[in-house]
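Fold and contact review
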Amino acid sequence: MTDKRKVRKAVFPVAGLGTRFLPATKAVPKEMLTVVDKPIIQYVVDEALEAGIEHFVFVTGRNKHVIEDYFDIHFELEQTLRERSKKAEMTLLAQQLPKAGSVSFTRQQEPLGLGHAVWCAREIVGNEPFALLLPDMIMRGEPGCMKGMIDLYSESGGNIIAVEECEPDQAHKYGIVGVGEKIGDGFRITGMVEKPAKGTAPSNFFINGRYILQPEIFSILENQERGAGNEIQLTDGMLKLLNSQDFAGYVFRGDTYDCGAKDGFILANVAFALERADIRPAVEAQFKALVSKLQ
């Protein structure tokens, strides 16, 4: 692994329809559903910010304009807060707002899969390595997942995929990587397989939705044939890139909440509410009472 150009840009594929959360997502993008008092997408952007990302590229679809509005100034709201001397609320909004010119939006006109969504960002990303963060996944750890990946990238270069361990008998549910020699807080990836048949997985390390990729992936995705689900699959493109470039797996040891699923979304709300000093005293006893009813 030799290419260690700085990772400045991050891609967020937010064009998905969120069908698992209907009817709520008929009018509200799934990325804007709130975990406590922040939308899911804010947690993911915060993770990228912690890692030093400078430019945020959102691949959107129809009815996703709310995300663009969220990362913009709301003049009427801020004027009202100013008139009412709501300084704490004004500070909160200012902390959430990215720097001017650091956010870009592009459209994925057709729902042709994750690989196609990544390809749609090619003109904005250009010829440089980039981070890719799936917006359904909220990750909590020290350091954050993307920060740890950036640290490994500074040592190894090339391409990085974040992975976590699952029970071996559950490996057939995930995209699994093959494990090679140790590199820093990770290892060299020797192969990838999507949902292997039971008993055939090369390891129990599954891909968790965070990537650092070199720009050569774009030319591969441009000519990528459709795979599972009749979609352009990112994993298929990465397998081709693996033939010419090195990949490393970063082992994330924190907590991951799949907020694209109802159970993960509920667990994220409980976990983050209990972390908050201003909320925990009001809800902890009620949570315990609910749990006691299950025993």
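Here the structure is a predicted model, which is why all the values come from computation and not from measurement.

Okay, the overall build of the chain next. In terms of helices and strands, the chain carries eleven helices and 13 strands. What you see for the chain is a C-alpha radius of gyration of 20 Å, in line with the 19 Å of a compact globule of 295 residues. For the C-alpha atoms alone, the extent of the chain along its principal axes is close to 60 × 50 × 35 Å. In the chain, which comprises 295 residues, the proportion classed as buried is 47%. Sequence separation of 24 or more characterises 76% of the internal contacts of the chain that already satisfy a separation of 6 or more. Looking at the chain, you have 34 positive and 40 negative side-chain charges, and the mean spots of the two groups are 3 Å apart.

Attention now moves to the packing of aromatic side chains. The tally for this structure, following the rule as stated, stands at eleven aromatic pairs. When the ring of Phe 12 is compared with that of Phe 58, the centres are 5.0 Å apart and the planes differ by 20°; the resulting orientation is stacked. Taken together, the residues Phe 12 in strand β1 (residues 9–13) and Phe 58 in strand β4 (residues 55–60) connect sequence positions 46 residues apart. For Phe 12, a relative accessible area of 0% corresponds to the buried category. Looking at Lys 38, its charged tip hangs above the ring of Tyr 43, at a distance of 4.4 Å from the centre. Positioned above the aromatic ring of Trp 119, the side-chain terminus of Arg 122 is 3.6 Å from the ring centre.

The element strand β8 (residues 159–165) is extensively covered by neighbouring structure, given that six of its seven residues are classed as buried. Taken together, the five bridges between β8 and strand β11 (residues 205–213) define a ladder with antiparallel strand orientation. From the neighbouring strand, Ile 161 faces β11, where its bridge partner is Tyr 211.

Turning our attention to unusual backbone geometry. The amide bond that connects Leu 22 to the next residue, Pro 23, takes the cis arrangement and shows omega of 10°. Within the secondary structure layout, Pro 23 lies in the loop between β1 and β2 (34–35). Going from Glu 142 to Pro 143, the amide bond is cis rather than trans, its omega being 0°. Mapped onto the elements, Pro 143 comes out in the loop between β7 (137–140) and α7 (145–156).

A separate point is the confidence of the model for the chain. Note that predicted coordinates carrying low pLDDT should not be read in detail. When pLDDT is averaged across the chain, the result is 89; 98% of the residues are at 70 or more. In the model of the chain, helix α4 (residues 87–96) stands out as the element of lowest mean pLDDT, 78, in contrast to strand β6 (residues 130–133), which has the highest, 97.

Attention now goes to the environment of Ile 40. Relative to the helices and strands, Ile 40 is located in helix α1 (residues 40–50). Each residue touching Ile 40, except ones within four places of it in the same chain, is listed here: Lys 30, Glu 31, Leu 33, Val 35, Pro 135, Asp 136, Ile 138, Cys 259 and Phe 265.

Here we come to the side chain of Arg 210. Tracing the chain through its elements places Arg 210 in strand β11. Residue classification places Arg 210 among the buried positions, given a relative accessible area of 0%. In terms of polar contacts, Arg 210 uses its side chain to reach the side chain of Glu 47, at 2.9 Å. Engagement of the side chain of Arg 210 in a polar contact is seen with the backbone oxygen of Met 137, the distance being 2.6 Å.

Analysis parameters
- Residues numbered from 1 in each chain as written.
- Predicted model: local features only at pLDDT ≥ 70, side-chain atom pairs only at ≥ 80, totals over all residues.
- Heavy atoms only, no water.
- Helix = DSSP H or I, 4+ residues; strand = E, 2+ residues; numbered from the N terminus.
- Rg over C-alpha atoms; globule rule 2.2 N^0.38 Å.
- Buried < 20%, exposed > 50% of the residue type's maximum accessible area, 1.4 Å probe, protein only.
- Contact = heavy atoms within 4.5 Å.
- Lys, Arg positive; Asp, Glu negative; His and termini not counted.
- Charge placed at Lys NZ, Arg CZ, Asp CG, Glu CD.
- Phe/Tyr/Trp six-rings, centres within 6.5 Å; stacked < 30°, edge-to-face > 60°.
- Lys NZ or Arg CZ within 6 Å of the ring centre and 35° of its normal.
- Pairing = 2+ DSSP bridges.
- pLDDT = per-residue confidence, 0-100.
- Polar contact = N/O pair within 3.5 Å; in protein donor to acceptor, adjacent residues only side chain to side chain.

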